[in-house]
Amino acid sequence: MSDNSAAGQNRPMAGILTRLAAMLSLGIMFAFVKLAGQHGVHVIESLFYRQLTAMPLICFLIWRSSAGWPSIVSNKHRLHILRSLLGIFAMGLNFWSMTLLPLADATTISFTVPIFATLFAALILREQVGIRRWSAILIGFVGVLVVVQPGGSLIPAFGAAVALTGALVTAAVTLVIRMLGRTETSVVTIFWFSVYTLPALTICAFIYGGGHDAQTWGFLLGIGIFGALGQLCITQSLRYAPVSTIVPMDYSALIWATFFGIMIFGQYPGLSIWLGAPIIIGSGLFIAWREHVKSSKLTVAKAEASA
């Protein structure tokens, strides 16, 4: 991201540990999302408390940044609005999928985001994608078929469709964020995401929200706290280490999804998850590695050209 100087990315272990903490925090958040859904909380209400709790944290990060509040000035509001529309739609689908599917199943399907993102980058942004990454995309989709097993899966078809659509829209969000990242910092992008989504979510929360018992309010508070903590750790991890170093840690989310699924909900991953998850994860890791190699070659070429 544009707010991460190369000079600051010299603490790989700190970056890895912070990213692992982010995945744990988000795993706890999704467990609370599922618990809240089981207690009658509408997905939109969960989204509202997720965004509401994140806003003070974002303001604190901007206040503490070297640029301060002047940094939020932007001339990319059309892209920010597009990112916000796609982002809240994607987040809603991802939350919904967690209520419809076992946590491990929904998490495994969410790992298809890098596959869809690479496909979109090739088809929409016209980025050059070589035979190796095309092969990884195809292999990744084989993993999806193994997990979903159209026509014969134990995974509910509707829940799988919601999760896949969520991954698809999330991949589209990554492309918009990539375009914003050329001029905007990650914190500023998140700030405008909250600014543009909270008003509509507030209105919807009055429509779909309701009275809850103390336990359910605790679930909603957990969604907000651990969602904000996960967001903070993700942002901080990018300050400690390059993306290529820390992104593989994202797959630790499956460990927590499996653990919470078993311990809280008594849901054990089926054979299709054990077979398909390694294929999808391997595909995503290979795509990340190839993008890192491509980026490194481009950096070297620019350095040689300027020498």
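Treat the numbers as computed from the prediction; the structure is a model and nothing was measured.

J.: What exactly am I supposed to notice about the overall build of the protein here?
T.: Counting secondary structure elements, the protein contains 12 helices and 0 strands. Ordered by position in the sequence, the α and β elements of the protein form the string α-α-α-α-α-α-α-α-α-α-α-α. Computed over C-alpha atoms, the radius of gyration of the protein comes to 19 Å, within 12% of the 19 Å expected from 2.2 N^0.38 for 307 residues, which places it in the range of a compact globule. Seen through its C-alpha atoms, the protein measures out along the principal axes to roughly 65 × 45 × 35 Å. The long-range fraction of contacts in the protein, counting pairs at least 24 apart against all pairs at least 6 apart in sequence, stands at 90%. When the accessible surface of the protein is summed, it comes to about 14900 Å², and 70% of that surface belongs to carbon and sulfur atoms. A gap of 8 Å separates the mean positions of the 18 positive and 9 negative side-chain charges of the protein.

J.: When you look at the packing of aromatic side chains in this model, what are you seeing that I'm missing?
T.: Centre distance and the angle of the planes are the two values used to describe a pair of aromatic rings. On inspection of all chains with the given rule, the structure shows 16 aromatic pairs. Both rings, one in Tyr49 and one in Trp217, keep their centres 5.8 Å apart while their planes meet at 85°; by these two values the pair is edge-to-face. Here the residue Tyr49 occupies a position in helix α2 (residues 43–64), and Trp217 occupies one in helix α9 (residues 214–240), the gap between them amounting to 168 residues. When the centroid spacing of 5.4 Å and the interplanar angle of 75° are considered together, the rings of Trp96 and Phe158 count as edge-to-face. One end of the pair, Trp96, is in helix α3 (residues 77–100); the other, Phe158, is in helix α7 (residues 157–180), and 62 residues separate them in sequence. Clustering of aromatic rings is evident, with ring pairs tying together Trp69, Phe191, Trp192 and Tyr196.

J.: Hey, could you run me through the nonpolar core in this one?
T.: Here is a general trend for soluble globular proteins: nonpolar side chains tend to be buried in one another's company. In this structure, Ile58, Phe95, Leu103, Ile109, Phe111, Phe191 and Ile223 are the most contacted members of the largest nonpolar core, which totals 65 residues. Considering every element that reaches this core, the biggest residue donor is helix α1 (residues 12–38), with 11 residues. Aside from chain neighbours lying at most four places away, what touches Ile223 is Met29, Phe32, Val33, Ala36, Ser46, Arg50 and Phe95. By size, the runner-up hydrophobic cluster in this structure holds 8 residues, among which are Phe116, Ala117, Ala121 and Leu175.

J.: Would you explain empty space enclosed by the protein in this entry?
T.: Empty pockets left among the atoms are what a rolling probe the size of a water molecule brings to light. Per the counting criterion, the structure on display carries 1 cavity of 30 Å³ or more. A volume near 40 Å³ is recorded for the largest cavity. Considering only residue class, the lining of the largest cavity consists of 6 nonpolar, 2 polar and no charged.

J.: Explain the state of the cysteines here, please?
T.: Chemically, a disulfide is nothing more than a covalent bond linking the sulfur atoms of two cysteines. With the rule as written, the count across this model stands at 0 disulfides. The cysteine Cys233 is free of any disulfide, with Cys59 supplying the nearest cysteine sulfur at 18 Å.

J.: Looking at this structure, I do not really get the layout of surface pockets. What am I missing?
T.: The computed volume of the second largest pocket comes to approximately 320 Å³. Lining the second largest pocket are 17 residues; nearest its centre among them are Leu61, Ser65, Ser66, Val187 and Arg239. Broken down by secondary-structure element, the contributors of at least two residues to the lining of the second largest pocket are α2, α8 (186–208) and α9. A total of 4 residues in the lining of the second largest pocket trace back to one element, the largest contributor, which is α2. Of the residues contributing to the lining of the second largest pocket, the split by class is 7 nonpolar, 6 polar and 4 charged.

J.: Any chance you could explain the confidence of the model for the protein here in plain terms?
T.: Atom-level detail of predicted coordinates should not be read off regions where pLDDT is low. With 92% of its residues at a pLDDT of 70 or more, the protein has an overall mean of 86. Per-residue pLDDT stays below 50 along residues 1–7; that stretch engages in 14 contacts with residues further than four places along the chain or on separate chains.

J.: Where do I start with the packing of helix α4 (residues 103–110) against helix α11 (residues 253–265) in this structure?
T.: Packed helices, taken two at a time, are described by the angle their axes make and the gap between the axes. Packing of α4 against α11 brings their axes to within 8 Å, and their N-to-C directions diverge by 160°. Relative to α11, the element α4 is oriented roughly antiparallel. Viewed along their axes, α4 and α11 form a crossing whose handedness is right-handed. Contact residues: α4 offers Leu103, Ala104, Thr107 and Thr108, while α11 offers Ala253, Leu254, Ala257, Thr258, Phe260, Gly261 and Phe265. In the contact of α4 with α11, the residues fall into 7 nonpolar, 4 polar and no charged.

Parameters and conventions
- Residues numbered from 1 in each chain as written.
- Predicted model: local features only at pLDDT ≥ 70, side-chain atom pairs only at ≥ 80, totals over all residues.
- Heavy atoms only, no water.
- Helix = DSSP H or I, 4+ residues; strand = E, 2+ residues; numbered from the N terminus.
- Rg over C-alpha atoms; globule rule 2.2 N^0.38 Å.
- Contact = heavy atoms within 4.5 Å.
- Areas by Shrake-Rupley, 256 points an atom, 1.4 Å probe, with all protein chains shown as cover.
- Lys, Arg positive; Asp, Glu negative; His and termini not counted.
- Charge placed at Lys NZ, Arg CZ, Asp CG, Glu CD.
- Phe/Tyr/Trp six-rings, centres within 6.5 Å; stacked < 30°, edge-to-face > 60°.
- Core = buried A, V, L, I, M, F, W, Y, C linked by side-chain atoms within 4.5 Å.
- Buried < 20%, exposed > 50% of the residue type's maximum accessible area, 1.4 Å probe, protein only.
- 1 Å grid on protein atoms, 1.4 Å probe; cavity = no way out; pocket = protein on both sides within 12 Å on 5 of 7 lines; lining within 4 Å.
- Points joined across faces, edges and corners; volume = space filled by probe spheres on them.
- Nonpolar A, V, L, I, M, F, W, Y, C, P; charged D, E, K, R; others polar.
- Disulfide = S-S within 2.5 Å.
- pLDDT = per-residue confidence, 0-100.
- Axes fitted to C-alpha atoms, helices over the stretch in contact; angles between N-to-C directions.
- Parallel < 35°, antiparallel > 145°, perpendicular 65-115°, else oblique.
- Left-handed = near helix turned anticlockwise from the far one by under 90°.

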